[in-house]
Amino acid sequence: MKHTDNDFDEASDSEDLIDEQAAAWFVRLRADTIGDAEKAAFARWRAQNPAHQQAFDELCMLWGDPGLKRALSEAETPLAEFPRPKDKARRHFRLPLAMVACLALLFVFRIELAVLFQADYVTGVGEQKTVYLEDGSAVTLNTDSALAVTMKGDRRSIELLKGEAFFNVRPDAGRPFIVHADHSITRVLGTRFFVHEKDHSDEVKVLSGRVEVTDGQRWRQSVVLRDGDAVSVGRSGHGETGRLDTKQATSWLDGYLVFEDIALSDVIEQVQRYRNGMVVFRDSSLRGLKINGRINLREPERILDTLEKTLSVKITRLSDWLVIIG
């Protein structure tokens, strides 16, 4: 059968449309606000055409994100059950402009409006800032962070709304200094310590002094940290107290990230806090590649260039927002 150029153009347009729809669903399913009706609509779309499932499956495998798998776990068919397309049957996924635009939207609003309305101090992606409080204490905010401050009478209260901050607290026995994060409350009279609010836990790390850390549920559980101690606090309470790797924990204060025998996936996770856009692994075997080195945070746009020069892996930049490793 003879095919005209128009036939191929129509086929190409159809594949572009499916890819764009898959990208739109991919982004929507990552939102915290997605409801049962939209999940059902996604299941119907996927069942309409085998090409729909294939396009979405290829995008998910390219992404390889555990968060997406969790988001889909409540859908009709979990991502883990999606069949991997056979190599001979796989289409070339062209990552259309619509997909790049959708992915970009995920990062344009990384500092949510609700956080902005509450915050007294905010840093953007790749930015760091030191602020001095009225009691003489100093707080250094790391990248993409926000906090609210209350200084009234004998109350010194800080709410870490997102991100990470280093606190150098001026001692005042009559005014305890308290830091509230998502899963933890840290109480201190005078010390130097970090609080890092992650997706599912808070990390508290003490450089010097002593703090009391609770799980944030009415002081149900608490642990006392001293010089060089660190602890992670999640929904189920605090974990075991560990020792702080001072060199790595404080490196960002000097404008660097230091890595010693760290998996590439963990390096990328940390690097992503300092740059806009998205980095995905095409070759998942590269995730466990061990990294040693130092990255300059003062030039966030060159972070991936540094990694590419020191690693024997291919890094492809599809746009300012999307980078593929492998």
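### Describing the nonpolar core
So, step 1. Membership of the largest hydrophobic core comes to 28 residues, with the highest contact counts inside it found for Leu-264, Ile-268 and Ile-325.
So, step 2. Contributions of two or more residues to this core are made by strand E15 (256–263), helix H8 (264–271), strand E16 (278–281), strand E17 (290–296), helix H9 (303–310) and strand E19 (322–325).
So, step 3. Looking at this core, the element that brings in the most residues is H8, giving 4 residues.
So, step 4. With sequence-adjacent residues up to four places away left out, Leu-264 is seen in contact with Phe-281, Leu-286, Arg-287, Leu-289, Ile-291, Leu-311 and Ile-325.
So, step 5. Counting 25 residues, the second largest nonpolar core, distinct from the first, contains Leu-141, Ile-158, Phe-167 and Leu-225.

### What to know about helix H2 (residues 36–48)
So, step 1. Its 13 residues place the ends of H2 19 Å apart at the C-alpha level, agreeing with the 18 Å of an ideal helix rising 1.5 Å per residue.
So, step 2. Where H2 is concerned, the buried positions are Lys-39, Phe-42, Ala-43, Trp-45 and Arg-46. Down the axis, H2 shows its buried residues gathered within 165° of arc, on one side only. Opposite its buried face, H2 presents the exposed residues Ala-37, Arg-44, Ala-47 and Gln-48, each directed more than 90 degrees away.

### Considerations on the pattern of salt bridges
So, step 1. One pass over the full model with this rule turns up 8 salt bridges.
So, step 2. Arg-156 serves as the salt-bridge partner of Asp-135, at 2.5 Å between the closest nitrogen and oxygen. Residue Asp-135 is found in the loop between strand E2 (129–132) and strand E3 (138–141), and its partner Arg-156 is found in strand E5 (residues 155–168); the two are separated by 21 residues along the sequence. Each member of the pair Asp-135 and Arg-156 is classed as buried.
So, step 3. Between Lys-162 and Asp-144 there is a salt bridge, and its shortest N-O distance comes to 3.4 Å. Of this pair, Lys-162 sits in strand E5 while Asp-144 sits in the loop between E3 and strand E4 (146–152), and the two are 18 residues apart along the sequence.
So, step 4. The buried category is assigned to Lys-162, whose relative accessible area is 12%.
So, step 5. Asp-144 sits in the buried class, given a relative accessible area of 10%.
So, step 6. What emerges from the salt-bridge pattern is a single network uniting Glu-164, Lys-198, Glu-203, Lys-205 and Arg-273.

### Focus: the pairing of E4
So, step 1. Pairing between strand E1 (residues 121–122) and E4: 2 bridges, direction antiparallel. The residue bridging Val-122 from the neighbouring strand is Ala-146, located in E4.
So, step 2. Across 7 bridges, the pairing between E4 and E5 is antiparallel. Paired with Ala-148 across the strands is Glu-159, a residue of E5.
So, step 3. Two successive antiparallel strands, E4 and E5, enclose a turn made up of 2 residues, where Gly-153 displays a positive phi of approximately 60°.

### Focus: the sheet that holds strand E18 (residues 315–317)
So, step 1. Taken in spatial order, the 3 strands make up an open sheet running E16-E19-E18, and their pairing is mixed. Looking along the sheet, the strands with just one partner apiece sit at the ends: E16 and E18. For this sheet, the mean inter-axis angle between neighbouring strands, taken without regard to orientation, is 20°.
So, step 2. Bridge analysis of E18 against E19 gives 3 bridges, and the strand direction is antiparallel. For Thr-316, the partnering residue across the bridge sits in E19 and is Ile-324.
So, step 3. Docked against the sheet, H8 engages E16 and E19, running at close to 170° with respect to E16.
So, step 4. Helix-sheet contacts for H9 involve E16, E18 and E19, and the interaxial angle to E18 is about 150°.

About the cut-offs
- All residue numbers refer to position in the chain's written sequence, counted from 1.
- Only residues with pLDDT of at least 70 are given local features in this predicted model, and only at 80 or more are side-chain atom pairs given and counted; all residues enter the totals for whole chains, interfaces and linings.
- Hydrogens and water molecules were not included; the side-chain quantities draw on all heavy atoms of the structure.
- Nonpolar cores are built from buried Ala, Val, Leu, Ile, Met, Phe, Trp, Tyr and Cys residues. Side-chain atoms within 4.5 Å join them into one set.
- The buried label applies to any residue whose accessible area, calculated with a 1.4 Å probe on protein chains only, is under 20% of its type's maximum; exposed applies above 50%, and partly exposed to all values in between.
- Numbered from the N terminus, helices here are DSSP runs of H or I no shorter than four residues, and strands are runs of E no shorter than two.
- In this analysis, two residues are considered to be in contact whenever any of their non-hydrogen atoms come within 4.5 Å of each other.
- How far a helix is expected to stretch is found by multiplying one less than its residue total by 1.5 Å.
- Taking the helix axis as origin, the arc is that swept by the directions to the C-beta atoms.
- A side-chain nitrogen of Lys or Arg and a carboxyl oxygen of Asp or Glu constitute a salt bridge if their distance falls within 4 Å.
- For two strands to be treated as a pair, DSSP must find no fewer than two bridges joining them.
- For helices, the fitted line uses only the C-alpha atoms of the stretch in contact; every axis is such a line through C-alpha atoms, and the angle between N-to-C directions lies from 0 to 180 degrees.

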